[in-house]
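# Inside the fold
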There are 2 protein chains.
Amino acid sequence: MSVFTPVAESQLAAWLKNYSVGSLGSLEPIASGIENTNYFVTTTQGRYVLTLYERLPAAELPFYLELMAHLARHGIPCPAPIADLGDRYLSSLNGKPATLVTRLAGVSLDKPAVADCAELGALLARMHLAGRSYGGYLENPRGPKWWRSAAAQVRPHLEPGRAAQLEAELAFQSQHRLAELPRGAVHADLFRDNALFDAGRISGVFDFYFAGIDCFAYDLAVCANDWCLVDAERDRRLDEPKTLALLGAYQAIRPLQVAERGAWPVLLRAAALRFWLSRLHDKHLPRPGMLVTVHDPEHFREILALRAAPGAPAPWAS
Amino acid sequence: MSVFTPVAESQLAAWLKNYSVGSLGSLEPIASGIENTNYFVTTTQGRYVLTLYERLPAAELPFYLELMAHLARHGIPCPAPIADLGDRYLSSLNGKPATLVTRLAGVSLDKPAVADCAELGALLARMHLAGRSYGGYLENPRGPKWWRSAAAQVRPHLEPGRAAQLEAELAFQSQHRLAELPRGAVHADLFRDNALFDAGRISGVFDFYFAGIDCFAYDLAVCANDWCLVDAERDRRLDEPKTLALLGAYQAIRPLQVAERGAWPVLLRAAALRFWLSRLHDKHLPRPGMLVTVHDPEHFREILALRAAPGAPAPWAS
């Protein structure tokens, strides 16, 4: 349960008077989310999600909100921030920065099929193309600089074999400069639980609070490592049909350049490293008052080991 | 049938490659509309309306499109223009300025009930409040200046009694300066066929191509003259319960000022005059190639006569 800041109905009803969305019908806390407090809000006008930001740096919030607004007005099915009567996306509620966004229909898929991976690939390509005209700038906050800082913090907690694996990967990544790959606004956290499907079609992507400017192909690697596994619990190799579907649908809209295809194995490892590190960090350096279940870091350590293994199966992007 | 410019599927499919809305599913001409060519467009992503502008001045289009975008991001259920990959709402198709907007759900009501008039009043008030932060400026293109010009054009076609009624009303209106009333972006053409309802709730308002900056209360008068009649065919007096519902729901969100309440009878007449004039103009000075059925000007001449009659029933806004 991740409601850090309670919001009363009377409080919200008063707050909504500064918006053009009608009057409050119902308010329902959302259990997921580790960075923010979220509520489903229903008004006489429609269905929304209210977010109170608990720890994201205030200076970064406009990047996320303007990105969502930009993508939404390009037709990408993502939460559209609602502007208040003062024409601002960001307001204040209960002493926290807060925003209201549209609520998307659909359900997340625990076990996406090949066709679902194709839907995701197409949407990701459309999102990358739409994002090219976005003017905001925020370096991916979980990029190489953060890896090194997080690694230094978690290293004392690791047993020697794990520490060696981490050092080896950081060294490997530092030898591969990816700065020349095509870059732009990426979601960078588009796991299965951040996408919604409705009647076989992708109906929404949300949770842009790890978005930033990074290589487009890195975004695809993050997706492959979560969506395209043979079996997320028992066999974390990439499933060939799912991976080909993801990449094929993506490339039908935005063909990968030679350099991106060449970097694909490195990007799969980078994407595994980033989530191994964040899970290690959440486990060994939990934040005060953190109430959520910590995801097992071993999941991504094993993915990293599989992607880095000599003779790992063809990455299908070359 | 109002498709002035045919669009082929192959042509549209190519045009859509400059958008992030997926690939073309179907294309269906829309029969209504007298200013533009409209199509329903379904893509792998969603449902849209394609509009090709046939005669609106190109310089005015950004005012309408930015207004719709502004209102949509404030939560007003109106068509949201989709930006293309160049981040523009306005593009070109088949040699015409063209735009793609979201398609709203719901159906228009031919005979709105009292509760529907209340829904409309509440939405209109929210729209007016949301529009206050809109920065665009376009004087209502069917305002007093246009009345005088249109009157001069249609006068030679009127029999003496009608011409006298027109002159009398223009003289009456010129004695009532309304410039000091609260002004802002108004729809100015929110007839029953420009609103959609779904499950008893207003689900959309569209056709903003007569919008402009004018008195908020004038917008309300345009609505009253179409939504709140006792019987649109047989008794064009204002129905008291419907009019009270419209005004009451509006004022619960945006209370009318004393000056607005005082001007209400004048505004009802101004709103009738504007549509009487435009219908006379369409009838007596049809545009070349105009294919649509001309609405009967007598409908609004009679409304004007009823609103202007000595001893007309209380206007319920004082």
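Residues numbered from 1 in each chain as written. Chains lettered and ligands numbered in written order. Predicted model: local features only at pLDDT ≥ 70, side-chain atom pairs only at ≥ 80, totals over all residues.

### Topic: the overall build of chain A
Across its full length, chain A carries nine helices and eleven strands. The C-alpha radius of gyration of chain A comes to 20 Å, within 12% of the 20 Å expected for a compact globule of 318 residues. Expressed as lengths along the three principal axes of its C-alpha atoms, the size of chain A is roughly 60 × 45 × 35 Å. When the 318 residues of chain A are sorted by exposure, 42% land in the buried category. Long-range contacts, defined as pairs at least 24 residues apart, comprise 71% of the intrachain contacts of chain A with a sequence gap of at least 6. (Helix = DSSP H or I, 4+ residues; strand = E, 2+ residues; numbered from the N terminus. Rg over C-alpha atoms; globule rule 2.2 N^0.38 Å. Buried ≥ 20, exposed ≤ 12 C-beta atoms within 10 Å, placed from the backbone. Contact = placed C-beta atoms within 7 Å.)

### Side note on the sheet that holds strand 4 (residues 91–93) of chain B
Residue and element names in this part refer to chain B. Sheet architecture is open: five strands sit in the order 1-2-3-5-4, paired in antiparallel fashion. Each edge of the open sheet is held by one strand with a lone partner, namely strand 1 (24–29) and strand 4. Taking each pair of neighbouring strands and ignoring which way they run, the sheet shows an average axis angle of 35 degrees. As paired elements, strand 1 and strand 2 (residues 36–43) share five bridges and run antiparallel to each other. If you follow Ser26 over to strand 2, its bridge partner there is Thr42. (Pairing = 2+ DSSP bridges. Axes fitted to C-alpha atoms, helices over the stretch in contact; angles between N-to-C directions.)

### Quick notes on the interface of chain B and chain A
Contacts between the two partners involve 22 residues from chain B, matched on the other side by 21 residues from chain A. Considering each element in turn, the side of chain B that touches chain A owes the most residues, three residues, to helix 3 (residues 114–131) of chain B.

### Notes on the environment of Ala305 of chain A
Residue position: Ala305 of chain A is located in helix 9 (residues 297–308). Sequence separation between Ala305 of chain A and Asp84 of chain A is 221 residues; the distance between their C-alpha atoms is 48 Å.

### A look at the domain arrangement of chain A
Residues and elements named next belong to chain A. The assigned domain composition of chain A is domain 1 (9–102) and domain 2 (114–308). Summarising the inter-unit geometry, the C-alpha centres of domain 1 and domain 2 are found 26 Å apart. When grouped by side-chain class, the residues that make up the side of domain 1 that touches domain 2 number eleven nonpolar, two polar and three charged. (Domains from an automatic or database assignment. Nonpolar A, V, L, I, M, F, W, Y, C, P; charged D, E, K, R; others polar.)

### Brief notes about the environment of Pro6 of chain A
All names here are of chain A. Here Pro6 lies in the segment before helix 1 (9–15). Given 11 C-beta atoms within 10 Å, Pro6 falls into the exposed group. Sequence spacing of Pro6 and Asn38 is 32 residues, and the spatial spacing of their C-alpha atoms is 9.8 Å.

### Focus on the relation of the copies chain B and chain A
The two copies are related by a screw operation: chain B maps onto chain A through 180 degrees of rotation and 0.0 Å of translation along the axis, at an RMSD of 0.0 Å. On the angle and the small slide along the axis, the relation comes out as a two-fold axis. Minimal C-alpha distance to the rotation axis in chain B is attained by Arg73 of chain B, lying at 4.4 Å. (Least-squares fit on C-alpha atoms with pLDDT ≥ 70 in both.)

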